[in-house]
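Read off the chains here:
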Amino acid sequence: MTVLLEARGVTKYFGGVQALKDVSLTINAGEIYGLIGPNGAGKTTFFNALTGLYQRDGGEIGFCGAALRLSSPHEVAKAGIARTFQNIRLFANMTARENVMVGRHSRTRAGVVGAVLRDRATRAEEAALRRRADELLRYVGIEHRADDIARHLAYGDQRRLEIARALATDPKLLALDEPAAGMNATETASLKSLIEGLRADGLTVLLIEHDVKLVMGLCDRVAVLDYGEKIAEDVPASVQRNPKVIEAYLGGAA
Amino acid sequence: MPRKSWLGMALIGAALALAPIVVGASLGNAWVRVLDFAALYIMLALGLNIVVGFAGLLDLGYIAFYAVGAYLYALLASPHFGIHWPAWAILPLGAAVAGLFGVLLGAPTLRLRGDYLAIVTLGFGEIIRIFLNNLNTPINITNGPKGIARIDPISVFGQPLSKPVEFLGITFSGVMLYYYLFVVLALGIVFVGIRLQDSRIGRAWVAIREDEIAAKACGINTRNVKLLAFAMGATFGGVSGGLFAGFQEFVSPESFGLMESVMVLCMVVLGGMGHIPGVVLGGLMLTVLPEAFRHGAGPMQQAMFGKVLLDPEALRMLLFGLALIAVMLYRPAGLWPEPRHRRELAK
């Protein structure tokens, strides 16, 4: 098994609060890796530190065998880590297709001159971009909403659109921040099969999730964060029995 | 392109070509001059539309780029320094220099949004104006508040546009010739705007407007793309500034005050932010209607009440303010918003 992402000692402070304490974890290529923990444990902070939205105060992240430097989000996206957001962040007034097309920004090249002259290369790129966007919309199952404004989409479809947009960046690692939040049982089940499909197609997935059933049924390995520290990392079944994890979730046993 | 839209374009083209002849014959050259200014303001509004409408960056100092273009033309084509470059050389240079100023303004404001950005850009606009006002000592560069006079008119194929030309038995006065030049350039700017809007760059601008963090996560280098918006917008401003200088044959810092920036912003917002036909409409209306009112209010009062009760100038500003409030209350997306936004508001 090859290691895709290796985080070593990732640390983040907010003022005097240490939100991440020396978090180290490795994600293997092709697996679904779960990141769980009680509210405020630092899961999203880790995501943000990973994707360049926050500058890390310490630690290193290796990705695809190379060091991922303290870099800006667009560079992280270009390196091959795509993400979704806990509270959906779509381009609300653009169509579903345009949302996905924006996702391919770093994989396309056309500049101002190309846009104005619309030369052959630009037209070809634009056509390919459109085709790819439609393909991805079909892949996540919302191709019939391609021309609708993103904010008119149903909640579950918005989640799917965000995943399609993330996929448009051609990621090697897809980081999903609570994709099932606010979904009903049916929607969650179809999300699960979508994520399984992603893995089957060779993608590596990092998943933050509160829905324990989803995490246990889906993930190959799970890490548990509590107060910014990693307290466990193992296959779901043994994490579930880990006394430290139970204590973190249920509070200290008397 | 379907036949219908060819026909529509031909009709618009004919209307644009005939407008100055008809207006000149019926209302006089003063009104053709108003149309010239309408074309200039439309170019300005389309430039600001890139920054405000597409990229969502509220810029209150936009007129500074107009000033940069105008003064560059004035300095390079007037007896002030004794330099007399041709317009076709100065205008692209003015576009480039204004674009550079756009980047200079944009760079320190990249982290700012909304009201904070508005205040910084407002300051930038004023700085440029104050510089123009005071750069007559120790070395006289801008001639200070007196402005620069006797600027060379714009010449096309050796023909100065300020001199009338006879063609097909019609005498085309200077303002009419300038009209044709301005309309052609404005159409060019419309074309560039439309092409940009529907492109990778245009989508990136809108993405930044909609959600900057998500845009970054999509791999957009928001710093560069925002600077590009500032530069493109400024370029349009620089071109229209140069045209303005050649047309007026005189520039002074007075023409580039905050009120001008506000007017151009009003054209964009009133017409329909981010929607090019709407912005064109906004520019046309806010140039032509106040003029019509200026000429019409006095005689109308005379006819109705037998005397002029209210100063037309004061009344004009009052009605202008009321019109703005009414539009913002009843048509918040502008008079002619993008169809998809209109659908939005109908719901």
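Now for a description of the structure that goes with this document. Only a predicted model underlies this, so the values are computations on that prediction, with no experimental measurement involved.

### Details of the overall build of chain B
Next up, step 1: For chain B, the count of helices and strands is 13 helices and six strands.
Next up, step 2: Projected onto the principal axes, the alpha-carbon positions of chain B cover approximately 60 × 55 × 50 Å.
Next up, step 3: Burial analysis of chain B (347 residues in total) assigns 50% to the buried set.
Next up, step 4: Long-range pairs, those at least 24 residues apart, make up 71% of the contacts in chain B with a sequence separation of at least 6.
Next up, step 5: One finds the centroid of the 24 positive side-chain charges in chain B at a distance of 7 Å from the centroid of its 18 negative side-chain charges.

### Notes on the overall build of chain A
Next up, step 1: Within chain A one finds ten helices and ten strands.
Next up, step 2: In terms of C-alpha radius of gyration, chain A reaches 19 Å, essentially the compact-globule figure of 18 Å for 254 residues.
Next up, step 3: A total of 254 residues make up chain A; the buried ones form 54% of that total.
Next up, step 4: For chain A, contacts bridging at least 24 residues in sequence account for 67% of all contacts bridging at least 6.
Next up, step 5: Accessible surface for chain A amounts to roughly 11000 Å². Of this, 50% is attributable to carbon and sulfur atoms.

### Describing the packing of aromatic side chains
Geometrically, a pair of aromatic rings is defined through the distance of the ring centres and the angle of the planes.
Residues and elements named next belong to chain B.
Next up, step 1: Per the counting criterion, the structure on display carries 15 aromatic pairs over all chains.
Next up, step 2: Aromatic pair Tyr178 and Phe182: ring centres 5.7 Å apart, planes at 50°, arrangement tilted. In this pair, Tyr178 and Phe182 are both assigned in helix α6 (residues 174-197), four residues apart and thus about one turn of the helix distant. Summarising the burial analysis for this pair, Tyr178 and Phe182 share the class buried.
Next up, step 3: Relative to Phe256, the ring of Phe244 has its centre 6.0 Å away and its plane inclined at 80°; by these criteria the two rings are edge-to-face.

### A few points about the sheet that holds strand β6 (residues 81-83) of chain A
Residue and element names in this part refer to chain A.
Next up, step 1: Pairing is mixed in the open sheet, where six strands are placed in the order β6-β7-β8-β3-β9-β10. Lying at the two open borders of the sheet, with one neighbouring strand each, are β6 and β10 (229-234). Sheet twist, expressed as the mean angle between neighbouring strand axes with direction ignored, is 20°.
Next up, step 2: Bridge analysis of β6 against strand β7 (residues 173-177) gives three bridges, and the strand direction is parallel. Paired with Ile81 across the two strands is Leu173, which belongs to β7.
Next up, step 3: Against the sheet, helix α6 (residues 155-167) engages β6 and β7, with an angle of about 155° to β7.
Next up, step 4: Against the sheet, helix α10 (residues 243-250) touches β3 (32-36), β9 (221-226) and β10, its axis set at about 130° to β10.

### Regarding the interface of chain A and chain B
Next up, step 1: Contact residues are listed per partner, giving 36 residues for chain A and 31 residues for chain B.
Next up, step 2: When chain A packs against chain B, close to 3000 Å² is buried across both sides, 60% of that on carbon and sulfur atoms.
Next up, step 3: Seen at the junction of chain A and chain B, the total is three salt bridges.
Next up, step 4: One salt bridge in this structure joins Arg203 of chain B and Glu126 of chain A, with 2.8 Å as the shortest N-O distance.
Next up, step 5: Here chain A and chain B share ten residue pairs in polar contact (both at pLDDT 80 or more) between them.
Next up, step 6: Contributions of two or more residues to the side of chain A that touches chain B are made by α2 (73-79), α3 (96-103), α4 (112-117) and α5 (120-140) of chain A.

### Quick notes on a nonpolar patch on the surface
Next up, step 1: A grouping of Leu318, Leu319, Leu322, Ile325, Leu329 and Tyr330 of chain B is seen on the molecular surface, where their side chains present a nonpolar patch of about 680 Å² in accessible area.
Next up, step 2: Mapped onto the fold, Leu329 of chain B is located in helix α12 (residues 312-330).

Calculation rules
- The residue count restarts for each chain, going from 1 along the sequence in the order it is written.
- Labels follow written order: the first chain is A, the first ligand is 1, and so on.
- Per-residue local features of the predicted model are confined to residues with pLDDT of at least 70, and side-chain atom pairs are confined, for both listing and counting, to 80 or more; whole-chain, interface and lining totals are unaffected and use all residues.
- Water and hydrogen atoms play no part in the side-chain values, which are based on all heavy atoms of the structure.
- The helix and strand labels rest on DSSP assignments: H or I over at least four residues marks a helix, E over at least two residues marks a strand, and numbering proceeds from the N terminus.
- Remark: exposure states derive from per-residue accessible area (1.4 Å probe, protein chains only) relative to the maximum for the residue type, with buried under 20%, exposed over 50%, and partly exposed in between.
- Throughout, a contact is declared for two residues whenever any of their heavy atoms are within 4.5 Å.
- Only four residue types enter the charge count: Lys and Arg as positive, Asp and Glu as negative, with His and the chain ends excluded.
- Lysine's charge is taken at NZ, arginine's at CZ, aspartate's at CG and glutamate's at CD.
- Note on method: radius of gyration uses C-alpha positions; expected globular size equals 2.2 Å times residues raised to 0.38.
- Here, Shrake-Rupley sampling with a 1.4 Å probe gives the accessible areas, and only protein chains in the shown set may cover a residue.
- Pairs were defined over the aromatic rings of Phe, Tyr and Trp, the Trp ring being its six-membered one, requiring ring centres within 6.5 Å. Orientation was assigned from the angle between planes: stacked under 30 degrees, edge-to-face over 60, tilted for the rest.
- Strand pairing follows a simple DSSP-based rule, namely that at least 2 bridges must link the two strands.
- With axes taken as lines fitted to C-alpha atoms, and helix axes fitted only over the stretch in contact, angles between N-to-C directions fall between 0 and 180 degrees.
- When two parts are brought into contact, each loses some accessible area as probed by a 1.4 Å sphere; the total of that loss over both is the buried area.
- By definition, a salt bridge exists where a carboxyl oxygen of Asp or Glu is found within 4 Å of a side-chain nitrogen of Lys or Arg.
- Under the rule applied, a polar contact is a pair of N or O atoms within 3.5 Å (in protein, one hydrogen donor and one hydrogen acceptor; residues adjacent in sequence only if both atoms are side-chain atoms).
- A patch consists of residues whose relative accessible area exceeds 30% and which take part in no salt bridge; residues with like charges are grouped when within 9 Å of each other, and nonpolar side chains (Val, Leu, Ile, Met, Phe, Trp, Tyr) when within 5 Å.

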